[in-house]
Amino acid sequence: MKNLFTLIFVFFILQSFAQEYGKEGYQEKRFDEAIQSLKEKEFEKAAFTFYFVYRYNKNELGEIALKKSDSILPYAQENIKKKIIGKWILTESGSNWGFEKQKDTLIKKVLIIDLDEFSFYDLNLKSNKLTLTKSEKSVFTKNRDMTGLLFDFVFSDKTLWSFYYDEKTKILRQIMTGEDSENGRDEIVCGNLEFKYTKKE
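Predicted model, so just to flag it, every value in this text is computed and none were measured.

1. Digging into the overall build of the protein
Scanning the protein from N- to C-terminus turns up four helices and 10 strands. Across the protein, helices and strands are ordered from the amino to the carboxyl terminus as α-α-α-α-β-β-β-β-β-β-β-β-β-β. When contacts within the protein are restricted to residue pairs at least 6 apart in sequence, long-range pairs at least 24 apart make up 49% of them. Counting every atom, the protein has about 11500 Å² of accessible surface; 52% of that belongs to carbon and sulfur.

Next comes the structure, spelled out in structure tokens:
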């Protein structure tokens, strides 16, 4: 399953785009919507919409839109980082084929996220001791996904991960979306490995 964040994010934008696709003034209208998103500081939406304008028609307006998308991208990525900062306890793991809850043991898996790093720990509930098992720099891939987004993180082993915090369920989702390479990226569209976390206060 393509990562949920991308599906939800792109679905609602493209749903509004589809009704008038191809009609006169369509590109200009999408460009104006991107400008409005930028004014409202919805940087993720603005970056995506400007890039959509470029892909729709690579004319003069499209080239302007691409430059705007590229200039907004760092702000959009910074927003994504800020939304997932915190201390998280792993509760489930699996894929769209099914999930398994974490066993009730003395050792819990903990993920601590700050602006620059992902740190993975084992937490001993008896001693309350954290043992670092792995750390990864907070770095975004430079290879666009199939929708044109650049919102996935690349780990040291070249795996690509989307992190999405669901405000309604209060769940952080870590979803493997593919692998990075010098020649681009490989997409995983079904059976994506996924981890679910709840926030530790």
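2. Describing the packing of helix α2 (residues 26-39) against helix α4 (residues 60-83)
Their axes nearest at 11 Å, the elements α2 and α4 cross at an angle of 20 degrees. Accordingly, the angle class assigned to the pair α2 and α4 is roughly parallel. The two elements α2 and α4 meet at a crossing, and its hand is left-handed. On the side of α2, the interface is formed by Gln27, Glu28, Phe31, Ile35 and Leu38, while α4 contributes Leu61, Gly62, Ile64, Ala65, Lys68 and Ile72. For the contact of α2 with α4, a count of residues per class yields seven nonpolar, two polar and two charged.

3. Some words on the pattern of salt bridges
Taken as a whole and judged by the stated rule, the model has nine salt bridges. When salt bridges that share partners are traced, they join Asp152, Arg185 and Glu187 into one network.

4. Quick notes on α4
For α4, which comprises 24 residues, the first-to-last C-alpha distance of 35 Å matches the rise-based estimate of 34 Å (1.5 Å per residue) to within 8%. When the local axis directions of α4 are compared, the greatest deviation, roughly 40 degrees, occurs at Leu73, which is followed within four positions by the proline Pro74. For α4, the set of buried residues is Gly62, Ala65, Leu66, Ser69, Ile72, Leu73, Ala76, Gln77, Ile80 and Lys81. The secondary structure elements touched by the buried residues of α4 are α2, α3 (43-56) and β6 (153-154). The N-cap residue of α4 is Asn59: its side-chain oxygen and the backbone nitrogen of Leu61 are 3.3 Å apart.

5. Section: the nonpolar core
Within the largest apolar cluster, 32 residues are counted, with the highest numbers of intra-cluster contacts made by Leu111, Ile113, Phe118, Phe153, Phe163 and Leu172. Taken together, the elements giving at least two residues each to this core come down to α2, α3, α4, β1 (86-95), β3 (107-113), β4 (117-124), β7 (159-166) and β8 (171-181). Element by element, the count of residues in this core is highest for α3, at six residues. If we skip the residues at most four places from it in the chain, Phe163 touches Ile84, Leu111, Ile113, Phe118, Phe153, Phe155, Leu172, Arg173 and Gln174.

6. Concerning the environment of Asn128
Turning to its location among the elements, Asn128 is positioned in the loop between β4 and β5 (129-137). C-alpha separation for the pair Asn128 and Leu106, spaced 22 residues apart in sequence, amounts to 9.7 Å.

7. Some points on the pairing of β5
As paired elements, β4 and β5 share eight bridges and run antiparallel to each other. The residue of β5 that forms the bridge with Phe120 is Lys134. Taking the residues that link successive antiparallel strands as the turn, the β4-β5 hairpin has four residues, and the phi of Asn128 there is positive, at about 60 degrees.

8. Focus: the pairing of β3
Inspection of the sheet shows β1 paired to β3 by four bridges, in the antiparallel sense. By the bridge assignment for β3, Gly86 is matched with Ile113. Where β3 folds back onto β4 in an antiparallel hairpin, the turn is made up of three residues.

The rules behind the values
Residues numbered from 1 in each chain as written. Predicted model: local features only at pLDDT ≥ 70, side-chain atom pairs only at ≥ 80, totals over all residues. Heavy atoms only, no water. Helix = DSSP H or I, 4+ residues; strand = E, 2+ residues; numbered from the N terminus. Contact = heavy atoms within 4.5 Å. Areas by Shrake-Rupley, 256 points an atom, 1.4 Å probe, with all protein chains shown as cover. Axes fitted to C-alpha atoms, helices over the stretch in contact; angles between N-to-C directions. Parallel < 35°, antiparallel > 145°, perpendicular 65-115°, else oblique. Left-handed = near helix turned anticlockwise from the far one by under 90°. Nonpolar A, V, L, I, M, F, W, Y, C, P; charged D, E, K, R; others polar. Salt bridge = Lys/Arg side-chain N within 4 Å of Asp/Glu carboxyl O. Expected span 1.5 Å × (residues − 1). Bend = angle between axes of the 7 residues up to and from the residue. Buried < 20%, exposed > 50% of the residue type's maximum accessible area, 1.4 Å probe, protein only. Polar contact = N/O pair within 3.5 Å; in protein donor to acceptor, adjacent residues only side chain to side chain. Core = buried A, V, L, I, M, F, W, Y, C linked by side-chain atoms within 4.5 Å. Pairing = 2+ DSSP bridges.

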